[in-house]
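Each chain, letter by letter, is given below.
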Amino acid sequence: SNTEATKRGALIVVEGLDRAGKSTQVARLAEALEARSIKFPERTTAIGKMIDSYLAQERELDDRAIHLLFSANRWECARSIIEEVESGRNVVCDRYAFSGIAYSCSKGLDYEWCRNPDIGLPLPDLTVFLDLDAEAAAARGGYGEERYEKLEFQARVRQAFHLVAQDVSRHGGQWSTVDAGASLDRVTEEIMEKVRPCLDEIRSRGSKIGRL
Ligand code: ADP
Ligand code: FDM
Ligand code: MG
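Parameters at a glance
Residues numbered from 1 in each chain as written. Chains lettered and ligands numbered in written order. Predicted model: local features only at pLDDT ≥ 70, side-chain atom pairs only at ≥ 80, totals over all residues. Helix = DSSP H or I, 4+ residues; strand = E, 2+ residues; numbered from the N terminus. Rg over C-alpha atoms; globule rule 2.2 N^0.38 Å. Buried ≥ 20, exposed ≤ 12 C-beta atoms within 10 Å, placed from the backbone. Contact = placed C-beta atoms within 7 Å. Pairing = 2+ DSSP bridges. Axes fitted to C-alpha atoms, helices over the stretch in contact; angles between N-to-C directions. Near = placed C-beta within 6 Å. Nonpolar A, V, L, I, M, F, W, Y, C, P; charged D, E, K, R; others polar. Core = buried A, V, L, I, M, F, W, Y, C linked by C-beta atoms within 7 Å. Arc of directions from axis to C-beta.

**A word on the overall build of the protein**
Move 1: Within the protein one finds 9 helices and 5 strands.
Move 2: Sequence-ordered secondary structure for the protein, helices as α and strands as β, is α-β-α-β-α-α-β-α-α-β-α-α-β-α.
Move 3: In terms of C-alpha radius of gyration, the protein reaches 17 Å, essentially the compact-globule figure of 17 Å for 212 residues.
Move 4: Put simply, the protein has 212 residues, and 37% of those count as buried.
Move 5: Contacts in the protein between residues far apart in sequence, at least 24 positions, make up 81% of those at least 6 positions apart.

Written as structure tokens, this is what we have:
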């Protein structure tokens, strides 16, 4: 039918601390949904390269300047995400604006200030938060050399993510927390349990993608 031809895809975001299992689960989810997967920061663009060198601790940047670069990096990808979703393809995203808020907030920046630059970006139909305490995350092979990969900071980021969760729900977004300490397959199952009804809802309602 006509409506069948215009069905859009879903935008699903996976969030969590470093080592929560995001990249592993995003790969599985993308395969299951035949989705395009993307990852933020998108390190290959000019802005992405600046972010990469900041994370590698090769350069220092003002906390607000780097926050805005992370947001700009999402904005430079926004149009292609919308086009993909409108063409009917699902998009699965490894981190998004919620990481932006949680990490910058944990440095002491004001919450609303952190949220502002991302207002207007494509709204995820569902955000799955892989929740794991910082100690358990650190135990997964230990951290590398990148900025932020420190136990004490990660513990603060986790608390900030819990604030973000409340805020997203208040603003009408769909946020689901999954226990990331379970086995790989159990986590995948739980994610799929949240994702299926979300896909069904988009299929039956056929609504346009929202904005943050
Ligand atoms: P992230 O992208 O969130 O940093 P990864 O998917 O790269 O996390 O996983 C980090 C490490 O933890 C990898 O070595 C991965 O194999 C392992 N891992 C991921 N999920 C689990 C899990 N549910 N249980 C145990 N180890 C896991
Ligand atoms: N990060 C990521 C931010 O600080 N702000 C953001 O907006 C985003 C998307 O970058 F430490 C941080 C979070 C993490 C690092 O690491 C990216 P991975 O391993 O590439 O996810
Ligand atoms: Mg990863």
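**Considering the sheet that holds strand β4 (residues 126–131)**
Move 1: As summarised here, the arrangement of the 5 strands in space is β2-β3-β1-β4-β5, forming an open sheet in which the pairing is parallel. Edge strands, defined here as strands with exactly one partner in the open sheet, are β2 (36–39) and β5 (175–179). For this sheet the average axis-to-axis angle between neighbouring strands, irrespective of direction, equals 20°.
Move 2: Judged from the 5 bridges that link them, strand β1 (residues 11–16) and β4 form a sheet pairing that is parallel. Across the sheet, Val14 pairs through a bridge with Val128, a residue of β4.

**Some remarks on the site of ligand 2**
Move 1: Surveying the vicinity of ligand 2 reveals the residues Asp18, Phe40, Pro41, Leu55, Phe70, Arg95, Ser99, Gly100, Tyr103 and Tyr148.
Move 2: At 3 residues, the largest contribution of residues to the shell around ligand 2 is made by helix α5 (residues 97–105).
Move 3: Looking at side-chain class alone, the shell around ligand 2 contains 6 nonpolar, 2 polar and 2 charged residues.

**Focus: the nonpolar core**
Move 1: Core analysis: the biggest nonpolar cluster contains 46 residues, and Ile12, Val92, Cys93, Ala102 and Leu130 have the highest contact counts within it.
Move 2: With sequence-adjacent residues up to four places away left out, Val92 is seen in contact with Ile12, Val14, Val26, Leu29, Ala30, Leu33, Ala35 and Ser37.

**Here we look at the site of ligand 1**
Move 1: Taken together, 13 residues surround ligand 1, and among them Gly21, Lys22, Ser23, Thr24 and Arg140 come closest.
Move 2: Tallying contributions element by element places helix α2 (residues 22–32) first for the shell around ligand 1, with 3 residues.

**Description of the environment of Ile101**
Move 1: By secondary structure assignment, the location of Ile101 is in helix α5.
Move 2: Residue Ile101 is classed as buried on the basis of its 28 C-beta neighbours within 10 Å.
Move 3: The sequence separation of Ile101 and Gln174 amounts to 73 residues, and the corresponding C-alpha distance is 17 Å.
Move 4: When residues no more than four places from it in sequence are discounted, the contact partners of Ile101 are Tyr111, Cys114, Arg115 and Val164.

**Quick notes on α2**
Move 1: Within the sequence span of α2, burial applies to Lys22, Gln25, Val26, Leu29 and Ala30. Down the axis, α2 shows its buried residues gathered within 135° of arc, on one side only.
Move 2: In this fold, the buried residues of α2 make contact with β1, β2, β3 (91–94), β4 and α9 (184–205).
Move 3: Following α2 by one or two positions, Glu34 has its phi on the positive side, about 50°.

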